[in-house]
Amino acid sequence: MKNQDIRRTAAGSGVKLWQIADALGIADCSLSRKLRKELPEDEKKEIFSIIDRLAREAG
């Protein structure tokens, strides 16, 4: 499965993929489709930043 680093980081932080999609301004199904192929590093950095922010807001 592609983008395992994103999936593991989100799960480990208690952040759901739909929350990431919402922060990106896209539908959760659109994020799921994007994650089917390995993302470029700049998109990954943006998603990791969102995961970090959402985890801090929740905690």
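Look up: the structure comes first, before these words.
From a predicted model like this one, the values you see are computed outputs, not experimental measurements. (Residues numbered from 1 in each chain as written. Predicted model: local features only at pLDDT ≥ 70, side-chain atom pairs only at ≥ 80, totals over all residues. Heavy atoms only, no water.)

Q: Go over the environment of Arg 7 with me, naming the residues and quoting the values.
A: Examined against the element boundaries, Arg 7 turns out to sit in helix 1 (residues 4–13). The spacing of Arg 7 and Leu 35 is 28 residues in sequence and 9.0 Å in space, taken between C-alpha atoms. Aside from chain neighbours lying at most four places away, what touches Arg 7 is Met 1, Lys 2, Leu 17, Leu 35 and Arg 36. A distance of 3.3 Å separates the side chain of Arg 7 from the backbone oxygen of Leu 35, its partner in a polar contact. (Helix = DSSP H or I, 4+ residues; strand = E, 2+ residues; numbered from the N terminus. Contact = heavy atoms within 4.5 Å. Polar contact = N/O pair within 3.5 Å; in protein donor to acceptor, adjacent residues only side chain to side chain.)

Q: Help me get a handle on unusual backbone geometry, residues and values and all.
A: At Asn 3, a position not held by glycine, the phi torsion is positive, near 55 degrees. As for its placement among the helices and strands, Asn 3 is situated in the segment before helix 1. Residue class for Asn 3 comes out buried when judged on its relative accessible area of 1%. (Buried < 20%, exposed > 50% of the residue type's maximum accessible area, 1.4 Å probe, protein only.)

Q: Describe in detail the packing of helix 1 against helix 4 (residues 41–58), supporting the description with residues and values.
A: In contact at an axis separation of 10 Å, helix 1 and helix 4 are set at 5 degrees when each is read in the N-to-C sense. Between helix 1 and helix 4, the interaxial angle falls into the category roughly parallel. Of the residues in helix 4, those in contact with Asp 5, Ile 6, Thr 9, Ala 10 and Ser 13 of helix 1 are Lys 44, Ile 47, Phe 48, Ile 51 and Ala 55. A breakdown of the residues in the contact of helix 1 with helix 4 according to their chemical character gives six nonpolar, two polar and two charged. (Axes fitted to C-alpha atoms, helices over the stretch in contact; angles between N-to-C directions. Parallel < 35°, antiparallel > 145°, perpendicular 65-115°, else oblique. Nonpolar A, V, L, I, M, F, W, Y, C, P; charged D, E, K, R; others polar.)

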